[in-house]
Amino acid sequence: MTKATKEPAKPARILVVGGGYVGMYTALRLQRRLKHRLRQAAGSGGAPAPDAPDALGAPGSPVASSLESADGITITILDPDPYMTYQPFLPEAAAGSISPRHVVVPLRRVLSHCQVIVGEARTIDPDRRVAHISTLATAEADAARAAQAAPGRPPEPQTLELPYTELVLAPGSVSRTLPVPGLAEHGIGFKTVEEAIGLRNHVLEQLDIASSTRDPAIRDAALTFVFVGGGYAGVEALAELEDMARYACRYYHNISADDLRFMLVEASDRILPEVGAEMGGYALRELRARNIDVRLETRLDSCERRVAVLSDGSRHPTRTLVWTAGVKPHPLLARTGLPLTARGKLKCEATLRVEGTEHAWSAGDAAAVPDLTATPASAEAATAGAEPPLCAPNAQHAVRQARRLADNLAAVCEGQDPTPYRHSYAGSVASLGLHKGVAHVYGRKLKGYPAWFMHRAYHLSRVPTFNRKARVLAEWVLSGLFKREIVSLGSLEHPRAEFELAAGTVRRPDER
């Protein structure tokens, strides 16, 4: 009896677009699964793809040769940032419980056997298997050419061609904004670590403004904080920042916690739908017990001139408007030529391969992945003409899909068949501030301190690398022993302002 011989492994050039959850976890898993072939590629003399404007990916060019010289396999990560942000920790970073440096994971350190390019994919050509990308160097070259170009005739942006044999599309999602008057001018997002730290500095700055003015209108607007969106991001950000602001008030001689006014605006009839109706109701009661004004079935109609106008007719002067009303697929997906759903996500098979495309894969927020664990009722509804049941776009599925995607990609590189993704939803946890939370996990419902402890334990176990786990745990221990930091470092957003003032340069109003 003879053993079946598997197809020999072939050289592969894997391009991972996106360094978020899916991108980083996929590359990390691939790095471990294919470490021998990655070392083989590194030993063949392949160098990282350069950021030179003339390094186009044509045969014989530096970019192409760095990939083609590998006898084994190369993995390239393309992302605008050289780090992955662990978004569940953003509320705690905004509240000062975790240092911003420990919320991010450096890609170059963790993915030591991969090539990391700081840039963006502009378009994808799936037929030629080429990605057109822009980098920091091409941006500098474009700026130089624009300065020399004739007025009214800006030059076309220059891109590089980066070839691949297997493509992983994981650009994630972007904030979903609506055409609300004044939102673009006054709204603050909460999706990146820069936004989280900027919001922390902004909130503390409002306390300074309120403490130093005698104008009641300015004081009331500074102490009014409006959050739009009752999902995870909105509720957790509001709860953590309200905790921080309430604590900070004890150090102001003329501001008390009762002067603060936090407001949550949600268009639906409940908050935190992921934890279920019962736990969502508890979270609602908990927030209102802290004098947080929660308005359900209410929309933001306008925020011009720093006045939040709601659909219930009320008007609220405010200097802080945080927008967390959902996300939408990354605009890159519409420029890939790959099949999309009505909501703009990539149509994927259960194996996480893009539907009808042999060499393209996706997972996470960018992908519409069939949920093979859906209930029979959901499956019957899908066969009746409704949309098939899909995996929820959350971190729980994203991390597990990334691991399955990496295993499938490694199997394909070794000449084996991919395995469908299957995972039953375990539940959800949410923080409502220090020592407060809600959880609905494996059918069990927790609230208060146990839910908060579970929230921290779960996310500590999920943040990648032992280095980050140890640093986050150490900061939690120190925050329990010492008082909370309430220093605003808003000047970090304009680090040259002081030097420009000393040099006699007149600062613009938006730089003050």
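Residues numbered from 1 in each chain as written. Predicted model: local features only at pLDDT ≥ 70, side-chain atom pairs only at ≥ 80, totals over all residues. Heavy atoms only, no water.

J.: For the pairing of strand 6 (residues 130-135), give the residues involved together with the corresponding values.
T.: Strand residues, when the strand is regular, have side chains that alternate between the two faces of the sheet. Where burial is concerned, most of strand 6 is hidden: six out of the six residues are buried. In strand 6, alternate side chains face the same way, and those of V130, H132 and S134 on one face and A131, I133 and T135 on the other are all buried. Across six bridges, strand 5 (residues 115-125) lies against strand 6 in antiparallel orientation. Bridge pairing in strand 6 links A121 to I133. Where strand 5 folds back on strand 6, the antiparallel hairpin that results is connected by four residues, among which R129 adopts a positive phi of roughly 60°. Relative to strand 7 (residues 160-163), strand 6 is paired through four bridges, and the arrangement is antiparallel. (Buried < 20%, exposed > 50% of the residue type's maximum accessible area, 1.4 Å probe, protein only. Helix = DSSP H or I, 4+ residues; strand = E, 2+ residues; numbered from the N terminus. Pairing = 2+ DSSP bridges.)

J.: Can you tell me about the sheet that holds strand 13 (residues 293-295), naming the residues and giving the values?
T.: To summarise the sheet geometry, strands pair through backbone hydrogen bonds and adopt either a parallel or an antiparallel arrangement. Strand order in the open sheet formed by five strands is 10-17-11-12-13, with parallel pairing between adjacent strands. A strand with exactly one partner marks an edge of an open sheet, and here the two such strands are strand 10 (187-188) and strand 13. For strand 11 (residues 224-228) and strand 17 (residues 320-323), the ladder comprises four bridges, and the chain directions are parallel. Residue pairing for strand 17: V228 is matched across the bridge by W323. Sheet strands touched by helix 8 (residues 193-211): strand 10, strand 11 and strand 17. Its angle to strand 17, the strand with the most contacts, is close to 155°. Contacts from helix 10 (residues 232-248) reach strand 11 and strand 12 (261-265) within the one sheet, and its direction differs from that of strand 12 by about 180°. (Contact = heavy atoms within 4.5 Å. Axes fitted to C-alpha atoms, helices over the stretch in contact; angles between N-to-C directions.)

J.: Please provide a residue-by-residue account of the packing of aromatic side chains, values included.
T.: Scanning the entire structure with this criterion turns up seven aromatic pairs. Aromatic rings pair up to connect Y21, Y86, F89 and W476 into one cluster. Residue placement shows R484 over the ring face of Y247; its charged tip is 5.9 Å from the ring centre. (Phe/Tyr/Trp six-rings, centres within 6.5 Å; stacked < 30°, edge-to-face > 60°. Lys NZ or Arg CZ within 6 Å of the ring centre and 35° of its normal.)

J.: Residues and numbers for the sheet that holds strand 16 (residues 315-317), please.
T.: Within the open sheet, the three strands sit side by side as 14-15-16. Their pairing is antiparallel. Where the open sheet ends on each side, the last strands, each with one partner, are strand 14 (300-302) and strand 16. Direction aside, neighbouring strands of the sheet carry axes that sit 35° apart on average. Judged from the three bridges that link them, strand 15 (residues 307-310) and strand 16 form a sheet pairing that is antiparallel. Paired with V309 across the strands is R315, a residue of strand 16.

J.: Now, about the packing of helix 14 (residues 449-462) against helix 15 (residues 466-481): what can you tell me, with residues and values included?
T.: Following both chains from N to C, one finds helix 14 and helix 15 inclined at 155°, their axes separated by 9 Å at the closest point. One element, helix 14, and the other, helix 15, form an angle in the roughly antiparallel class. Like other packed secondary-structure pairs, helix 14 and helix 15 cross with a definite hand, here right-handed. Listed contacts from helix 15 to R456, L460, S461 and R462 of helix 14 are K469, V472, L473 and W476. Across the contact of helix 14 with helix 15, the residue classes tally to four nonpolar, one polar and three charged. (Parallel < 35°, antiparallel > 145°, perpendicular 65-115°, else oblique. Left-handed = near helix turned anticlockwise from the far one by under 90°. Nonpolar A, V, L, I, M, F, W, Y, C, P; charged D, E, K, R; others polar.)

J.: Go over the confidence of the model for the protein chain, please, and point to the residues and values.
T.: Across the protein chain, the average pLDDT comes to 84, with 85% of residues at 70 or higher. Throughout residues 1-5 the model reports pLDDT below 50, and contacts reaching past four residues in sequence, or to other chains, amount to zero contacts. Every residue in residues 377-385 scores below 50 in pLDDT, and together they form five contacts with partners more than four places removed in sequence or on other chains. (pLDDT = per-residue confidence, 0-100.)

J.: Before we move on, could you go through the pattern of salt bridges and cite the residues and values that matter?
T.: Under the criterion given, the structure shown has 14 salt bridges. Between R122 and E120 there is a salt bridge, with the nearest N and O atoms lying 4.0 Å from each other. Here E120 falls in the partly exposed class, since its relative accessible area comes to 33%. Here R128 and E161 are joined by a salt bridge, their closest N and O atoms 3.1 Å apart. Here R128 is found in the loop between strand 5 and strand 6, whereas its partner E161 is found in strand 7, with 33 residues between them in sequence. (Salt bridge = Lys/Arg side-chain N within 4 Å of Asp/Glu carboxyl O.)

J.: Outline the nonpolar core, listing residues and values.
T.: Within the largest apolar cluster, 115 residues are counted, with the highest numbers of intra-cluster contacts made by I14, I75, I77, L111, F227 and V438. Every residue in contact with I14, bar those within four places of it in the chain, is listed here: L30, I73, T74, I75, T76, T165, E166, V168, L409 and C413. One finds L183, V226, C303 and L310 within the second-largest nonpolar core, a separate group that totals 13 residues. (Core = buried A, V, L, I, M, F, W, Y, C linked by side-chain atoms within 4.5 Å.)

J.: Got a sec to walk through the side chain of H397? Specific residues and values, please.
T.: You can see H397 is positioned in helix 13 (residues 395-413). Separated by 2.8 Å, the side chains of H397 and Y421 make a polar contact. Other than its neighbours up to four places away in sequence, H397 contacts C391, A392, Y421, H423 and Y425. (Polar contact = N/O pair within 3.5 Å; in protein donor to acceptor, adjacent residues only side chain to side chain.)

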